[in-house]
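Fold and geometry: a report
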Amino acid sequence: MTKQKHILSILVENQPGVLSRIAGLFSGRGYNIESLCVAETTDPLVSRVTMVTMADKPIVEQIMKQLHKLINVIKVYELTGSSYVQREMALIKVQAKPEYRAEILRIVDIFRCKVVDVGREHYTLEVTGDEGKMDAILNLLKPIGIKEIAKTGIIALFREPK
Amino acid sequence: MELTGAQILMKMLKEEGVDTIFGFPGGVVIDIYDELAKTDIRHILVRHEQGAIHAADGYARASGKVGVCLVTSGPGATNTVTGIASAYMDSIPVVIFTGQVPTQLIGNDAFQEVDIVGITRPCTKHNYLVKHTEDLARIVKEAFMIAASGRPGPVLIDLPKDVSTTTITYKAPKKIELRSYKPTYTPNIKQLHSAVKLIKNAKKPIIFAGGGVVLSKGSKELTELAHKTQIPVTCSLMGLGVFPGTDPLWLGMIGMHGTYRANMSSGDCDLLIAVGVRFDDRVTGKTDTFAPNAKIVHIDIDPTSIRKNIPVTVPVVGDCKITLELLNKLLDKEDLGDLKKNRNSWLNQIEKWKSTTPLAYKQKNIIKPQYVVEKLYELTKGNAIITTEVGQNQMWAAQYYHFKKPNHFITSGGLGVMGFGLPAAIGAQIACPKKLVVDIAGDGSIQMNIQEMATAKQYGLPVKIVILNNRYLGMVRQWQELFYGKRYTATGMEHAPDFVKLAEAYGAVGLRATKPEEVEPVLIKGLSSSETVIMEFVVEREECVYPMVPAGAPITEMLLV
Ligand SMILES: Cc1ncc(C[n+]2csc(CCOP(=O)(O)OP(=O)(O)O)c2C)c(N)n1
Ligand SMILES: [Mg+2]
């Protein structure tokens with residue numbers, strides 16, 4: 001069976017140790033984590049974990065059941081396969097030699113990102129988007145010279161019926 | 001009411017109906033011990049914390065209640081880890097209290113500090129570090145509820161010293177409800193209708209029952225299902241006893257050392273009704289050849305057990321007892337036809353497997369271990385609680401002691417931990433003081449927790465230990481004989497203590513049989529004693545457990561005697 005990317009949205013009790021239970025489950029059972037984001041929800045007692053994992057279908061089913069079995073996990077949803085919005089943010093530090101500065105700003109404009117820090121030799125850009133957009137901008141910036149990059153990992157929510 | 005943490009703990013233990021604690025003290029739990037002494041809860045002082053946790057496990061299995069264990073921080077806590085892992089794999093409800101250094105020292109590498117919550121996270125159903133005395137009552141209540149409900153398991157509570165000593169105004173905790181924990185007890189009735197349809201159409205069905213049926217106390221319902229439908233029954237190691245080992249529909253145990261007829265019928269059946277099992281690799285052998293022609297109905301309370309290792313036709317999430325009850329009711333409304341006639345050829349086939357290839361051994365002039373177990377079965381009429389160590393002794397116990405009732409076979413199935421049998425027997429004997437409790441042991445395993453002889457003696461527990469002494473780590477030697485060209489590396493155990501003298505040194509009774517004709521007299525004498533007794537049987541050194549399915553092979557491909 002082929003491995004596919006799956007986005008899981010997990011509501012957990014906002015308590016110390018919960019994240020390590022989830023991480024331990026993945027390492028202990030040999031599942032993989034592509035990315036992981038955690039933050040409090042509007043209910044301060046609940047956090048949302050958004051997790052991306054590569055796995056085939058039966059394994060994802062098993063992962064979801066195993067997650068649900070953890071006492072502090074309230075709900076587990078899979079977003080992949082249904083209608084959802086996803087975003088990821090990246091901070092990208094690009095080399096900005098004088099001859100490239102205009103080119104970089106053009107890219108910034110096209111991708112509607114922001115320059116959040118400027119130096120003599122660099123720009124730091126803030127980019128938000130889905131995976132496709134992220135890949136596209138990175139591909140364009142690579143030849144110019146990416147010095148450093150920090151990504152948040154994917155966060156996602158179901159779309160509500162219109 | 002002003003109470004210290006330790007006093008609150010006692011109050012909660014009483015409320016949970018705890019009558020016995022297996023434990024071993026240390027610096028950070030003295031306050032708890034001090035309060036414990038003021039209650040009528042019985043404390044059993046073991047000789048090693050591993051003994052405490054296995055005893056709590058044995059107590060839980062024999063009584064059907066939650067076992068409780070109390071140890072100190074650091075080494076006391078780490079010594080319980082093996083036993084916690086065993087209870088976890090076998091889904092046994094135990095609550096473990098570990099002392100911890102005072103909260104303000106946590107994280108400082110204080111004396112006897114270990115992160116036991118971190119260490120046991122993957123081998124407990126849940127665990128807690130109590131940070132405030134105010135949380136203690138609620139956490140204890142939750143822990144007992146979690147340990148015993150759904151698929152049971154061990155729950156650990158780490159108690160910093162200051163949490164026990166701080167005085168607070170006690171408020172009774174509210175009714176426990178966890179929004180994130182709601183086990184499914186009642187199955188989806190649609191799924192049961194599908195199961196009924198499969199049962200009606202099956203020509204060659206079998207039932208495969210496991211530890212889940214023991215835990216849900218569903219043995220009666222399972223037996224009813226088998227009789228009503230005339231479907232033969234096999235069990236995993238953990239399930240032994242849920243169906244009478246003397247019933248004509250009994251197939252014997254399935255798996256690596258299963259009977260020929262149980263393994264063959266799993267290979268040939270067209271319907272496998274799996275109840276309270278998790279399809280361990282020791283049961284299935286090579287998974288893609290397991291029950292290749294069968295539709296599979298899988299009933300289990302833990303959704304993660306279903307479709308983990310084996311594809312399933314009809315998954316049913318629910319408590320085994322409740323589900324079987326409902327299934328039986330549905331079947332009562334159905335016309336199942338002339339079962340005698342319909343099952344005839346299938347049951348005949350099974351009978352043929354049984355008569356051509358039964359469990360067998362030949363007793364000549366050296367004692368056969370199987371003979372000892374068979375004699376033990378005869379003399380106790382199958383009524384004893386049997387605990388085991390791990391290895392060949394465990395498999396012979398499973399094969400030759402024909403269990404009639406659940407909660408009578410207590411063995412470390414999933415973890416397979418040597419040294420389990422004696423402390424587990426102590427726990428079982430305390431749960432059932434009137435019962436005969438026998439640990440069927442190997443010479444290697446018994447030495448792993450032999451110190452608990454002193455515990456048995458101190459509390460006047462008449463547990464009986466039957467050592468099948470082959471002077472080998474026999475099961476490993478068997479693998480070396482069969483798969484490693486008889487290279488017996490590191491499995492010879494010629495230098496064992498004199499077990500008779502050892503028994504006597506502990507103030508117990510020691511008996512030995514070296515010839516076949518001594519087996520019965522030694523058993524009769526040992527079993528009728530009111531003392532703790534070690535009976536040593538000097539057995540055939542290189543006897544093997546058969547049938548045997550080599551690891552990773554299909555379970556229908558057995559090595560036979
Ligand atoms: C704690 C532990 N260590 C190692 C093993 C591996 N092991 C499984 S069976 C066995 C041999 C047990 O020897 P003995 O108790 O004499 O039993 P026999 O097989 O000879 O009946 C060993 C070493 C184990 N199961 N548990
Ligand atoms: Mg041995």
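Residues numbered from 1 in each chain as written. Chains lettered and ligands numbered in written order. Predicted model: local features only at pLDDT ≥ 70, side-chain atom pairs only at ≥ 80, totals over all residues. Heavy atoms only, no water.

Another aspect to go through is the overall build of chain A. A tally of regular secondary structure across chain A gives four helices and nine strands. Each helix (α) and strand (β) of chain A, taken in turn from the N terminus, gives the series β-α-β-β-α-β-β-α-β-β-α-β-β. Summarising its shape, the C-alpha atoms of chain A cover approximately 55 × 40 × 40 Å along the three principal directions. A total of 162 residues make up chain A; the buried ones form 41% of that total. Considering only residue pairs separated by 6 or more positions, chain A has 73% of its internal contacts joining residues 24 or more positions apart. Charge centroids of chain A, computed over 23 positive and 19 negative side chains, lie 1 Å from each other. (Helix = DSSP H or I, 4+ residues; strand = E, 2+ residues; numbered from the N terminus. Buried < 20%, exposed > 50% of the residue type's maximum accessible area, 1.4 Å probe, protein only. Contact = heavy atoms within 4.5 Å. Lys, Arg positive; Asp, Glu negative; His and termini not counted. Charge placed at Lys NZ, Arg CZ, Asp CG, Glu CD.)

Moving on: the sheet that holds strand β3 (residues 42-45) of chain B. Residues and elements named next belong to chain B. Pairing is parallel in the open sheet, where six strands are placed in the order β3-β2-β4-β5-β7-β6. Taken across any chain shown, the strands that pair with only one partner, and hence form the sheet edges, are β3 and β6 (126-129). Adjacent strand axes in the sheet meet at a mean angle of 20° when their direction is disregarded. In the sheet, β6 pairs with strand β7 (residues 155-160) via four bridges, with the strands oriented parallel. Looking at β7, one finds that H126 is bridged to V155. Against the sheet, helix α3 (residues 49-63) makes contact with β2 (20-24), β4 (67-71) and β5 (94-100), and its axis sits at roughly 165° relative to β4, the strand it touches most. (Pairing = 2+ DSSP bridges. Axes fitted to C-alpha atoms, helices over the stretch in contact; angles between N-to-C directions.)

What follows is about the packing of helix α11 (residues 219-229) of chain B against helix α14 (residues 320-332) of chain B. Each pair of packed helices can be described by the angle between their axes along with the distance between the axes. All names here are of chain B. With their axes 9 Å apart at the nearest point, α11 and α14 run at an angle of 25° to one another. In this view, α11 runs roughly parallel relative to α14, as classed from their interaxial angle. For α11 against α14, the interelement crossing comes out left-handed. Residues E221, L222, E224, L225, K228 and T229 of α11 form the contact with α14, whose own contacting residues are K321, L324, E325, L327, N328, L331 and D332. Among the residues making up the contact of α11 with α14, the classes are represented as five nonpolar, two polar and six charged. (Parallel < 35°, antiparallel > 145°, perpendicular 65-115°, else oblique. Left-handed = near helix turned anticlockwise from the far one by under 90°. Nonpolar A, V, L, I, M, F, W, Y, C, P; charged D, E, K, R; others polar.)

Residues and elements named next belong to chain B. With 12 residues, helix α16 (residues 369-380) extends 17 Å between its outermost C-alpha atoms, agreeing within 8% with the 16 Å of an ideal straight helix rising 1.5 Å per residue. Residues of α16 that are buried include every one of P369, Q370, Y371, V372, V373, K375, L376, Y377 and T380, and no others. Lining the buried residues of α16 we find β15 (385-388), α17 (392-400), β17 (437-442), β18 (464-469), α22 (516-528) and β20 (533-538). Backbone geometry just downstream of α16 places K381 in the positive-phi region, at approximately 55°. (Expected span 1.5 Å × (residues − 1).)

Contacts between chain B and chain A engage 17 residues on the former and 17 residues on the latter. Here chain B is connected to chain A by two salt bridges. Where K69 of chain A meets D302 of chain B, a salt bridge forms, and the shortest distance between an N and an O atom there is 2.7 Å. Among the residues making up the side of chain B that touches chain A, the classes are represented as five nonpolar, four polar and eight charged. (Salt bridge = Lys/Arg side-chain N within 4 Å of Asp/Glu carboxyl O.)

Residues and elements named next belong to chain A. Tracing the chain through its elements places S35 in strand β2 (residues 35-40). With a relative accessible area of 16%, S35 lands in the buried category. With sequence-adjacent residues up to four places away left out, S35 is seen in contact with T50, M51, V52, G153 and I154.

Often, the extent of an interface is quoted as the loss of accessible area on bringing the components together. Domains assigned within chain A are domain 1 (4-78) and domain 2 (87-153). On a C-alpha basis, the centroid separation for the pair domain 1 of chain A and domain 2 of chain A is 30 Å. (Domains from an automatic or database assignment.)

So, about the coordination of the magnesium ion (ligand 2). Residues and elements named next belong to chain B. Coordination of the magnesium ion (ligand 2) by the protein involves D443 (OD), N470 (OD1) and Y472 (O), with metal-donor separations of 2.1 Å. Mapped onto the sequence, the donors of the magnesium ion (ligand 2) take the spacing D-x26-N-x1-Y. One end of the pair, D443, is in the loop between β17 and α19 (452-458); the other, N470, is in the loop between β18 and α20 (474-483), with 27 residues separating them in the sequence. On the basis of relative accessible area, N470 is assigned to the buried category, the value being 6%. (Donors = N, O, S within 2.8 Å, 3.2 Å for Na, K, Ca; no water.)

Let us now look at the pattern of salt bridges. Inspection of every chain in the model, using the stated rule, returns 34 salt bridges over all chains. For R179 of chain B, the salt bridge goes to D43 of chain A, with nearest N and O atoms at 3.8 Å. Note that R179 of chain B is positioned in the loop between β8 (167-169) and α9 (189-201) and D43 of chain A in the loop between β2 and β3 (46-55), a pairing that runs across two chains. As a salt-bridge pair, D302 of chain B and R151 of chain B come within 2.7 Å of each other at their nearest N and O atoms.

Most often, soluble globular proteins have nonpolar side chains that are buried together. Residues and elements named next belong to chain B. Residues L222 and F537 are the most contacted members of the largest nonpolar core, which totals 69 residues. The residue makeup of this core includes at least three contributed by each of domain 2 (189-355) and domain 3 (369-538). F537 has contacts with V372, V466, I467, L468, N469, A513, V519, V522 and L523, leaving out every residue within four places of it along the chain. (Core = buried A, V, L, I, M, F, W, Y, C linked by side-chain atoms within 4.5 Å.)

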